[in-house]
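# A structural walkthrough
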Amino acid sequence: MSNDYLQNINVKETNELLVSLRSFALEHKVPIITEEGINFINQIIKLKNIQTVLEIGTAIAYSSINMALKNNCSITTIERDIDMYKLAKDNVIKASLENQIRIINDDALLVNEHDLGTFDLLFIDAAKSQSIKFFEKYKKNLNPNGVIITDNLLFHDLVTAEIKDRNLRQLVSKIDKFNKFVVAQEDFNTYLYNLGDGMSLSIKKD
C-alpha cells in the first residue's frame, strides 16, 4: 500500500525522548498526535516562520516537546487533567525546555484568553465535542496571517461510518458539525486533509 511505502521511505524519528514518549502513550493508551500529523505541523511552522504557538490539549506534552525541539518557537499549552499536567511538566523538565514551553493546568474554556497574548499558530487537540468553542474563543489570539490547525477530524474514520452506540454517534456528529463549520469561516482559508486522523489547516485572511 502507498501509506506503507511512504512510512518506509520517510526519515524515522531518532530522538530518544520523543520515541519513549510515543511508546509510553501507546502502552498507556494516551491519545497523542500521529507521526504524520506532527510532521505536517512542523513543516507548517517552518514554512510560515512561526515563532509562538498556543496548544489546546497537552496530554503528556509529546507534541509541545516535538515542536519545541525541532523549531525555534515558544509554546503555551493548556491541559485540564491534573495527572496529565504533572506528567507533561515532568517530561518538559526532562527535555530541558522549561524556558520554551509553558503549561497551564486549567479548562481551556475557562482560561482568560486576553491574558495569554497573541500567537502565530493555534493547535486544537483537546475535547472533540468542544472544537467549535475552542476555535471561536481563541481565534482572537491569532496574529495577522496566523494559522489554526485542528486534529482528529476523521475520528478513526468513524465520521463516515454508521454508528449504533448513541453516545459515540453524538460525538461523531459534533466532529462532523465542526468540519462543516470550519470550512465555512469567511475570515479563514481552510482545507481539511486526510492525514493522520484528519486535520484542518485554517489560514487567517488579511
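Below or above, wherever it landed, is the structure these notes cover. What you see is a predicted model; the values in this text were computed from it and never measured.

Before going further, it helps to spend a moment on the overall build of the chain. Helix and strand content of the chain: seven helices and seven strands. Listed N to C, the secondary structure of the chain is α-α-α-β-α-β-α-β-β-α-β-α-β-β in terms of helices and strands. With 206 residues in all, the chain has 45% of them scored as buried. When the accessible area of the chain is evaluated, it comes to approximately 11500 Å², of which 50% is carbon and sulfur surface.

This part covers the side chain of Glu55. On the secondary structure map, Glu55 appears in strand E1 (residues 52–56). Of note is the side chain of Glu55, whose polar atom sits 2.5 Å from the side chain of Ser64. Every residue in contact with Glu55, bar those within four places of it in the chain, is listed here: Ser63, Ser64, Met67, Thr76, Thr77, Ile78 and Phe123.

This part covers the nonpolar core. With 37 residues, the main nonpolar core has Ile41, Ile65, Met67, Ile101, Leu121 and Ile149 as its most contacted residues. It is helix H3 (residues 35–47) that contributes the most residues to this core, five residues altogether. Those residues in contact with Ile101, other than ones at most four positions away along the chain, are Ser64, Ile65, Ala68, Ile75, Thr77 and Val92. With 20 residues, the next largest nonpolar core counts Ile124, Leu142, Leu153 and Val182 among its residues.

A few words now on the packing of H3 against helix H4 (residues 62–70). At a minimum axis separation of 10 Å, H3 and H4 run at an interaxial angle of 40°. The angle between the axes of H3 and H4 places the two elements in the oblique class. By crossing handedness, the relation of H3 to H4 is classed as right-handed. On H4, the residues that touch Ile38, Ile41, Asn42, Ile45 and Lys46 of H3 are Tyr62, Ser63, Asn66, Met67 and Lys70. The residue makeup of the contact of H3 with H4, split by class, is five nonpolar, three polar and two charged.

This part is about helix H5 (residues 82–94). Its 13 residues give H5 an end-to-end C-alpha distance of 18 Å, which sits within 8% of 18 Å, the value for a rise of 1.5 Å per residue. Buried residues of H5: Met84, Tyr85, Ala88, Asn91 and Val92, and no others. Buried residues of H5, viewed axially, fall in a sector of 130°; they line one side. Set apart from the buried face of H5 by more than 90 degrees, the exposed residues are Asp83 and Lys94. On its buried face, H5 sits against helix H2 (16–27), H4, strand E2 (74–79) and strand E3 (101–105). Phi turns positive, to about 55°, at Ser96, one or two residues after H5.

Among the surface-exposed residues, Tyr5, Leu6 and Ile9 lie close enough to one another that they form a single nonpolar patch of about 330 Å² accessible area. Structurally, the position occupied by Ile9 is in helix H1 (residues 2–9). Of the residues examined, Ile9 reaches a relative accessible area of 53% and is grouped as exposed.

Turning our attention to the packing of aromatic side chains. Scanning all chains against the criterion turns up six aromatic pairs. With 5.4 Å between their ring centres and 50° between their planes, Phe40 and Tyr193 make a pair best called tilted. Residue Phe40 is located in helix H3, and its partner Tyr193 is located in strand E6 (residues 188–193); the two are separated by 153 residues in the primary sequence. A residue is classified by how much of its surface remains accessible, and Phe40, at 15% relative accessible area, is buried. Taking the relative accessible area as the measure of exposure, Tyr193 reaches 31% and is therefore partly exposed. Pairing Phe135 with Phe178 gives two aromatic rings, centres 6.3 Å apart and planes at 65°, and the pair type is edge-to-face. Remark: Phe178 occurs in helix H7 (residues 166–183) and Phe135 occurs in helix H6 (residues 131–138); sequence separation between them is 43 residues. One Lys or Arg, Lys137, reaches over the ring of Tyr138 and ends 5.5 Å from the middle of that ring.

Rules and cut-offs
- Residues numbered from 1 in each chain as written.
- Predicted model: local features only at pLDDT ≥ 70, side-chain atom pairs only at ≥ 80, totals over all residues.
- Heavy atoms only, no water.
- Helix = DSSP H or I, 4+ residues; strand = E, 2+ residues; numbered from the N terminus.
- Buried < 20%, exposed > 50% of the residue type's maximum accessible area, 1.4 Å probe, protein only.
- Areas by Shrake-Rupley, 256 points an atom, 1.4 Å probe, with all protein chains shown as cover.
- Polar contact = N/O pair within 3.5 Å; in protein donor to acceptor, adjacent residues only side chain to side chain.
- Contact = heavy atoms within 4.5 Å.
- Core = buried A, V, L, I, M, F, W, Y, C linked by side-chain atoms within 4.5 Å.
- Axes fitted to C-alpha atoms, helices over the stretch in contact; angles between N-to-C directions.
- Parallel < 35°, antiparallel > 145°, perpendicular 65-115°, else oblique.
- Left-handed = near helix turned anticlockwise from the far one by under 90°.
- Nonpolar A, V, L, I, M, F, W, Y, C, P; charged D, E, K, R; others polar.
- Expected span 1.5 Å × (residues − 1).
- Arc of directions from axis to C-beta.
- Patch = residues over 30% accessible without salt bridge, like charges linked within 9 Å, V, L, I, M, F, W, Y side chains within 5 Å.
- Salt bridge = Lys/Arg side-chain N within 4 Å of Asp/Glu carboxyl O.
- Phe/Tyr/Trp six-rings, centres within 6.5 Å; stacked < 30°, edge-to-face > 60°.
- Lys NZ or Arg CZ within 6 Å of the ring centre and 35° of its normal.

Everything listed is a geometric property; what it means functionally is a separate question.
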